[in-house]
Amino acid sequence: MRAAIVIGMALGAEAFSARRAPMTMKTAAKSSYKITLLPGDGIGPEITQATVGVLDALSKKTGVTFEFDEADIGGIAVDNHNDPFPAETLAKCQSADSVLLACIGGYKWDNNPRELRPESGLLKMRGSMGLFANLRPAKVIPQLIEASTLKPEVLEGVDIMVVRELTGDVYFGKPKGIEERNGERVGFDNMIYSESEIVRISKVAFDVAKARGSKVVSIDKANVLDVSQLWREVVTTTQQEYAPDVELSHMYVDNAAMQLIRWPKQFDTIVCGNIFGDILSDEASMLVGSLGMLPSASLGDPSSPGVFEPCHGSAPDIAGEDKANPLAMILSAAMMLKYDLSQPELSDMLEEAVESVLDSGIRTPDIAAEGQTPVGCKEMGEAVAKAIEKMPAPVTA
Ligand code: NAD
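Described below are features of the structure shown in this document. Values in this document were obtained by computation on a predicted structure and should not be read as measured data.

**Describing the side chain of Gln-343**
Moving on, step 1. By secondary structure assignment, the location of Gln-343 is in the loop between α11 (327–339) and α12 (344–359).
Moving on, step 2. If near-sequence neighbours (up to four positions away) are discounted, Gln-343 is found in contact with Ala-29, Lys-30, Tyr-33, Val-64 and Leu-337.

**Concerning the environment of Val-140**
Moving on, step 1. Structurally, Val-140 can be placed in the loop between β4 (133–139) and α6 (152–155).
Moving on, step 2. Val-140 gets classed as buried once you look at its relative accessible area, which sits at 9%.
Moving on, step 3. With 206 residues separating them along the chain, Val-140 and Leu-346 place their C-alpha atoms 23 Å apart.

**Some words on the site of the ligand**
Moving on, step 1. Around the ligand, a shell composed of 20 residues is seen, among which Glu-119, Gly-313, Ala-315, Asp-317 and Asn-325 lie nearest.
Moving on, step 2. Notes on the ligand: free accessible area 800 Å², of which the protein chains cover 69%.
Moving on, step 3. Grouping the constituent residues of the shell around the ligand by class yields nine nonpolar, seven polar and four charged.

**Observations concerning the pattern of salt bridges**
Moving on, step 1. Summed over the entire model, instances satisfying the criterion amount to 19 salt bridges.
Moving on, step 2. A salt bridge links Asp-282 to Arg-136, with the nearest nitrogen and oxygen atoms 3.0 Å apart. In this pair, Asp-282 is assigned in helix α10 (residues 274–288) and Arg-136 in strand β4, connecting sequence segments 146 residues apart.
Moving on, step 3. Exposure remark for Arg-136: the relative accessible area of 7% places this residue in the buried category.

**Side note on the nonpolar core**
Moving on, step 1. Counting 76 residues, the largest nonpolar core has Ile-219, Leu-350 and Val-384 as the members making the most contacts within it.
Moving on, step 2. By residue number, the principal contributor to this core is α11, which donates ten residues.
Moving on, step 3. Per-domain counts for this core show at least three residues from each of domain 1 (29–132 + 293–392) and domain 2 (149–288).
Moving on, step 4. Counting residues in each nonpolar core, the second largest holds 22 residues, with Ala-205, Val-208, Ala-209 and Val-235 among its members.

**Quick notes on the packing of aromatic side chains**
Moving on, step 1. What the rule picks out here adds up to three aromatic pairs.
Moving on, step 2. When the centroid spacing of 6.2 Å and the interplanar angle of 20° are considered together, the rings of Tyr-33 and Phe-66 count as stacked. Here Tyr-33, found in strand β1 (residues 32–40), pairs with Phe-66, found in strand β2 (residues 65–70); they are 33 residues apart in sequence, far enough to count as distant.
Moving on, step 3. Ring pairs connect the aromatic residues Tyr-33, Phe-66 and Phe-68, which therefore count as one cluster.

What counts, and where the lines are drawn
Residues numbered from 1 in each chain as written. Predicted model: local features only at pLDDT ≥ 70, side-chain atom pairs only at ≥ 80, totals over all residues. Heavy atoms only, no water. Helix = DSSP H or I, 4+ residues; strand = E, 2+ residues; numbered from the N terminus. Contact = heavy atoms within 4.5 Å. Buried < 20%, exposed > 50% of the residue type's maximum accessible area, 1.4 Å probe, protein only. Near = heavy atom within 4 Å. Areas by Shrake-Rupley, 256 points an atom, 1.4 Å probe, with all protein chains shown as cover. Nonpolar A, V, L, I, M, F, W, Y, C, P; charged D, E, K, R; others polar. Salt bridge = Lys/Arg side-chain N within 4 Å of Asp/Glu carboxyl O. Core = buried A, V, L, I, M, F, W, Y, C linked by side-chain atoms within 4.5 Å. Domains from an automatic or database assignment. Phe/Tyr/Trp six-rings, centres within 6.5 Å; stacked < 30°, edge-to-face > 60°.

Purely geometric stuff here, so don't read any function into it on its own.
Below you can see the structure in the form of structure tokens.
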């Protein structure tokens, strides 16, 4: 059953440590860690509280302590600092062992100018912390297969890792803007990748794939875009030189969007640029049933902290109603323990606690099947904490 628990974190961890190991400058496991929490907006504070409760339970059980510090990001940071990712938040992130981010955004800031929009805070964080690789697993959870809108036979055995480039592409390319041309306004952005950026993310994908099914599908739109032609060429030469044992194929993004729904089992590791990855990783998420179950890791240089965050947004439609599913953030904390804090046993304990809670039928509304009475965010967090309390203390703690 252990292997069944979703989310492919185990595979992801092995995969990424395979890449990071030679370059890693992380310290060995410690007995105390500084974690910067970025609760952000919407359901962010609720799911953060639930996650802190779970980490506290883990701390009591194992003796490993977590010192939490909070900082603003997103809409709340705009309100408090007139900046969606203020300098003091960056400083707190950089001085921590790791960063746990909830989510940002909300109707209140939707009409703000771009530099004062919550999303700009995420982009600024990724850029200033050098977080260039985003790993998003989509592994079907047997306990939740009925919660998906797709047929069980399409979903059984699906286990995909989307490796998305995070600091380049049309989101960061210049020039960009809206200006007057020939008597009307035009909006423009610049889709741009350098060879070195493509090589760097391709290598991550090939390393990830080596620890999985050794199959990479690279996504582009090379039939139309010059930047995609370069992408395809550089991914191909990187594979030949760096990972000749990994099977590489290429797929146009429109076809990939279709294939992910038609027959997702064909994919093992997907590598894509920022905007295609943004869209396809959300699509892949829905194979699993709910965004509320999906963790992610954003990583840069191994010597600096990674940022661990759920894939979902701030869910303003349910914010403050105790309806949010905190499991994606709790599982993001499990990824953090494994990737950033050299505590794989504690990470396993967290995953096992989540699994036992799902096995016992406890569900938040987003993952509840017919006939199941859902619990709230707080109760779900408490259930995971209780499951940890019931576990034997690990020998290594
Ligand atoms: P969303 O992910 O917030 O919500 C989409 C749907 O999924 C909603 O129905 C929501 O209720 C549900 N949902 C999301 N997370 C859930 C959870 N943990 N438990 C239960 N249900 C959950 O996406 P959206 O509605 O497109 O965006 C809302 C805001 O979030 C926007 O301002 C957007 O810019 C922002 N956003 C932020 C991030 C991030 O913080 N990384 C990512 C995506 C969107």
